Structures are given as structure tokens and as C-alpha cells.
Amino acid sequence: MNKTNSSQRQKKIVEILNFLHQGGDFDEAKKMFDDSFSSVDVSEITSAERELIANGLNPMEIQNLCNVHAAVFKGSITDNQTTPAFQKPGHPVSTMKLENLVITSLINDELLPCLKKWQQDGKNEKYLQRMRSALKDLLKIDKHYTRKENLIFPLMDKYGITAPPKVMWGVDDEIRGWIKDANKMVNSKPLPDKYEIERSIEKATKEVLEMIFKEEEIMIPMLDEVATPEDWYAIAKEEPELGYTLISQPLPWKPTAEEIAEGKKKQPSSVAQELNQMAMNLAKTQDLKPKSESKPKKKMSVHERIAQRSKTEPTSLEFPSLDSINVKFDSGTLNLAELTALFKVLPVDLTLVDATDHVKWFSNSPDRVFPRTKAVIGRAVVNCHPPKSVDKVKKILADFHAGTSQKNEFWINLHGKIFVYIRYYALHDEDGNYLGCLEVTQNVTHIRGLKGEKKLLNG
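Please read these numbers as outputs of a predicted model, since none were measured by experiment.

Conventions and cut-offs
- Residues numbered from 1 in each chain as written.
- Predicted model: local features only at pLDDT ≥ 70, side-chain atom pairs only at ≥ 80, totals over all residues.
- Heavy atoms only, no water.
- Helix = DSSP H or I, 4+ residues; strand = E, 2+ residues; numbered from the N terminus.
- Contact = heavy atoms within 4.5 Å.
- Areas by Shrake-Rupley, 256 points an atom, 1.4 Å probe, with all protein chains shown as cover.
- Buried < 20%, exposed > 50% of the residue type's maximum accessible area, 1.4 Å probe, protein only.
- Phe/Tyr/Trp six-rings, centres within 6.5 Å; stacked < 30°, edge-to-face > 60°.
- Pairing = 2+ DSSP bridges.
- Axes fitted to C-alpha atoms, helices over the stretch in contact; angles between N-to-C directions.
- Salt bridge = Lys/Arg side-chain N within 4 Å of Asp/Glu carboxyl O.
- Core = buried A, V, L, I, M, F, W, Y, C linked by side-chain atoms within 4.5 Å.
- Parallel < 35°, antiparallel > 145°, perpendicular 65-115°, else oblique.
- Left-handed = near helix turned anticlockwise from the far one by under 90°.
- Nonpolar A, V, L, I, M, F, W, Y, C, P; charged D, E, K, R; others polar.

Enquirer: Describe in detail the overall build of the protein chain, supporting the description with residues and values.
Expert: Looking only at helices and strands, the protein chain has 16 helices and eight strands in total. Long-range contacts, defined here as pairs at least 24 residues apart, represent 66% of the contacts in the protein chain between residues at least 6 apart. Of the roughly 25,600 Å² of accessible surface on the protein chain, a fraction of 54% belongs to carbon and sulfur atoms.

Dropping the structure here:
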């Protein structure tokens, strides 16, 4: 395909997608595509969607219509040569595809057949119980999506592929909601109308299967263009901590020396370069500035600086011996072992976002409310939240940068089981320069249930 043809193909795909976004008929869009193409590469679809975003289309609009896009192009996406490592047990791609295989079987071989039989004989309790069991299993897809959001999406960010994760994360959240709705319906007493239950289950399962198509035919081939064996190995090492969906923990996988050496030779493909350029265009439309263009740091007044300095002594390091380091605070001294142990037992989860709004550090306590993986380090914090939360996060950070706010708080009833209290604090140095934001998350379910008193003397 020469450059002119490539450009013409791109224009045609953008034209078709624009037609759909403006409310055009699906069948007519499908005909436009079939008349112009015998096949289409995943990179062409992705680039077309990114061009629409770069020209001002809200990513949420693509999220609302991405199933239509997938349906238009389904069956016409060219097969990429499969990377041999993807077939090896324990490779993150192999694990994702294995889970997708089990999820597909759960839907097509159990849930939907039981729904059909229950519809035909609504009095048969056996099929209702099997539907309940299947939906309970389908709820476990949360771990599949959580791994993708916390490990795969940061890898895409690393290579400038920022719009697809935002769109996909939003759809993930919607799917979680549809599965929960269907599960709630089949467990309600009395049961809702059976056609209501049918619509709910069919909606949830259709979206799950569409997401599987997007993961395997769009996301994975896209990553194959840019990710190295070492990238995949970094993901594989962190997957067990987040868990798996309906499969046992896979065998450990590690790239061979030959694969690593080959990966080091990998050059950014034209697809990767194009995606990076589109990411830059997207950043401009979202008013995001590179680190070097960040706003001047807000200064405190002289009186504020003097007042602050009068309260604290500068933190410093002490080296009592060659193999030990102490951190001297104004309120005492801790060695590194004590400091590490302290963060592990604090009854709150801490995440530090630096002055450029990128994640710098998090406390790795064993009972975190929300999962964190090392892949999040260095990632723009707005990309660590689902699309529906991004505007709120941007507003909090903008207020912190401007100095119009110093803290913010939220509380949510997570999954109807635990009550979570979330606080954000602006951080400044002694001169009032903005250092970043501290997120403090706490499970306060137990605290809210306390009654009366329990004094130390009472044991």
C-alpha cells in the first residue's frame, strides 16, 4: 500500500466514523465500508478514531459508539502475525485470551442457554439457579478488567497510546454495572418480569463479548506493535497480586534471553509513531501541557513562609554508620527499616502525585482498598481513573495548582459492602512551592460501626 492509498483509506475511514457519530444509519455505514475495503488494519481504525478526538470529539462519544465501530469492521480486520511468545502459558496475552475463552464459554454454553430454557418454562427453578450461579461467576470479570486497567493501560500510556485506554476503561465500568444489574434482578424477590431479566442479561453478555473482540482484535495487536518482552515480563510479575478470572494462577512465564535481545532491537513502528503523534494532538485539544510548559509555581507570602518555618525544622538525613541511614524529622528520627514498616501498617492507603500530575509513589500495604501496581509509577494521574471521574480529578488538581484549594474529600459505599473515605491534600515545600497531591484512602466501615466506648484499661 503506497502513501497516497494509505492517506485515502484513512480519509474514508474517518468519513465513515463521522457519518456514524452524526447519527447515520448502520447498514449504510456498513455498505460504505464494504464498497471501499476488502480488509482494514487495526492501526487504521485506531488512527481514524484518534483523528476524530484530535479534532474535538469527546472520547466519551467514541465510547458510546465503539461497539458500532467494531460491528462495522468485524470480520474485515486483517490478522496480524501472532507473536510466538503470546502462545506460551503465563504470558499476559495468553492469560487474557484463556480468561476470555472461559468467559465466552460461560456465556454461550451456560448462561444464555439457561436463560432461553427458563424463558420457555419460567417455573423451572433449576434453570433460574444456574443463571444465578453463572452471573455470580461473571461478576468475577472485575479481576480481568482490573488487571487490564492497572497493568495494560499504563503500558499503552508509556507508548503514547492514551485515547483507547480511556474509552475502554469507560466501557469496562459500564459492563461491570450491567452485570451487577442482571445479577440483582435474578436474585430479587419477587422476580421482575422475565422479559426484563432477559433484556438485562442479553445486554450484559453482548457487551462482554464485544469487549473480548476489542481486546483480542484491537488492543493486543496494537500493543504488539510497540511492547517489548521486558514490558510483558514486568506485567507478568505483577498479575498474581491482582488475581485472575475463572482460571487458576498460570505457570510463571519469563522471556528468553533471545527474546529480550530481539526486543532491544525493536524500533518504534510507523503505527507507534502515528499513535504518539495523535496522542500529542489529543493533549493539545485537552489543554494538557508538557512538563516543561507547566505553570510557574505559586509562591507563599513572606508572612506565610516565616510562620511556616517557625513551626518546623528542616528534614535531613543522618548517616550513623556506612550501612545505615536515618531520616531526621522535626518531631523525631526514624531509620529506613522503621519508616518502611510504618507505611506497611498505616490503616490508610497513600498515593503521591508529583507537581507534574504524575504518580510518583504509593504505600504498598497488604489490605489496600483499591489495587495499585508498579506499572502506575510515572503515569499521568488522570489516566489512572475511569473517564467518568477524570473531570473531577482535573478540577481538584487545577485548584491545588492555583492555590484556591488545599484539600478535598469524598466518601463512597463500595459494592454495597465497605464504606470508603477518600481525601486529597495539596503538598507544598517550606517556600510554598507546590510539590504535588497526596491521596489518602481509608476503609472506615469498622469505624462507622463503633458504639459506646472501649478504653485502654478495658483491654
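Enquirer: Tell me what's going on with the environment of Ile161, and back it up with residues and numbers.
Expert: Looking at the secondary structure, you find Ile161 in the loop between helix 7 (141-158) and helix 8 (163-186). A relative accessible area of 0% places Ile161 in the buried class. For the pair Ile161 and Leu223, spaced 62 residues apart in sequence, the C-alpha to C-alpha distance is 9.1 Å.

Enquirer: Just give me the short version of the packing of aromatic side chains, but keep the residues and values in it.
Expert: One pass over the full model with this rule turns up six aromatic pairs. Aromatic pair Phe86 and Trp232: ring centres 5.7 Å apart, planes at 80 degrees, arrangement edge-to-face. Here Phe86, found in the loop between helix 4 (59-73) and helix 5 (92-120), pairs with Trp232, found in helix 10 (residues 229-242); they are 146 residues apart in sequence, far enough to count as distant. The burial state of Phe86 is the same as that of Trp232; both residues are buried. Ring centres of Phe153 and Trp169 lie 6.1 Å apart, and the angle between their planes is 50 degrees; this geometry places the pair in the tilted category.

Enquirer: Now, about the sheet that holds strand 5 (residues 359-362): what can you tell me, with residues and values included?
Expert: Read across the sheet, five strands follow the order 5-4-8-7-6 without closing on themselves; strand pairing throughout is antiparallel. Of all strands in the sheet, those with a lone pairing partner are strand 5 and strand 6 (407-414), marking the two edges. Neighbour-to-neighbour, the strand axes of this sheet turn through a mean angle of 20 degrees, independent of strand direction. Seen against the sheet, helix 15 (residues 387-402) touches strand 6, strand 7 (418-428) and strand 8 (434-443) and runs at an angle of roughly 135 degrees to strand 8.

Enquirer: Lay out the pattern of salt bridges with the relevant residues and their values.
Expert: Following the criterion strictly, the structure yields 17 salt bridges and no others. Among the ionic pairs, Glu259 bridges to Lys88, the shortest N-O distance being 3.0 Å. Within this pair, whereas Glu259 is found in helix 11 (residues 257-264), its partner Lys88 is found in the loop between helix 4 and helix 5, the two being separated by 171 residues in sequence. Two residues, Asp173 and Arg176, come together in a salt bridge whose shortest N-O distance is 2.8 Å. Within this pair, Asp173 and its partner Arg176 are both found in helix 8, separated by three residues, close to a single helical turn. Each member of the pair Asp173 and Arg176 is classed as buried. Several salt bridges converge on common partners, so that one network encompasses Asp142, Glu149, Asp173 and Arg176.

Enquirer: Outline the nonpolar core, supporting the account with residue identities and numerical values.
Expert: Counting residues in hydrophobic clusters, the biggest one holds 51 residues, and the most contacted among them are Met131, Ile201, Val208, Met219 and Trp232. Top element by residues in this core is helix 9 (residues 194-224). It accounts for eleven residues. With near-sequence residues (within four places) excluded, Met219 lies in contact with Met96, Lys148, Ile152, Phe153, Met156, Met168 and Lys214. One finds Val369, Val376, Val390 and Ile422 within the second-largest nonpolar core, a separate group that totals 21 residues.

Enquirer: So what about the packing of helix 8 against helix 9? Which residues, and what values?
Expert: Put simply, helix 8 and helix 9 touch, their axes get as near as 9 Å, and they point 155 degrees apart. The angle between helix 8 and helix 9 places the two elements in the roughly antiparallel class. Our pair here, helix 8 against helix 9, has a crossing hand that is left-handed. Here Pro164, Met168, Val171, Asp172, Ile175, Trp178, Ile179, Asp181, Ala182, Met185 and Val186 of helix 8 lie close against helix 9, whose contacting residues are Glu196, Ile197, Ser200, Ile201, Lys203, Ala204, Glu207, Val208, Met211, Lys214, Met219 and Met222. Here the contact of helix 8 with helix 9 is composed, by residue class, of 16 nonpolar, one polar and six charged.

Enquirer: Tell me about unusual backbone geometry, residues and numbers included.
Expert: That bond from Lys189 to Pro190 is cis: its omega, 0 degrees, falls within 30 degrees of zero. Positionally, Pro190 belongs in the loop between helix 8 and helix 9. For Leu246, which is not a glycine, the phi torsion comes out positive at approximately 60 degrees. When you line up the elements, Leu246 lands in the loop between helix 10 and helix 11. Even without being glycine, Asp357 reaches a positive phi, approximately 70 degrees.

Enquirer: Can you lay out the environment of Ser324 for me, pointing to particular residues and giving the numbers?
Expert: Assignment of secondary structure puts Ser324 in strand 2 (residues 324-329). As a C-alpha pair, Ser324 and Leu336 span twelve residues in sequence and 7.9 Å in three-dimensional space. Apart from residues lying up to four places away in sequence, Ser324 is in contact with Glu318 and Phe319.

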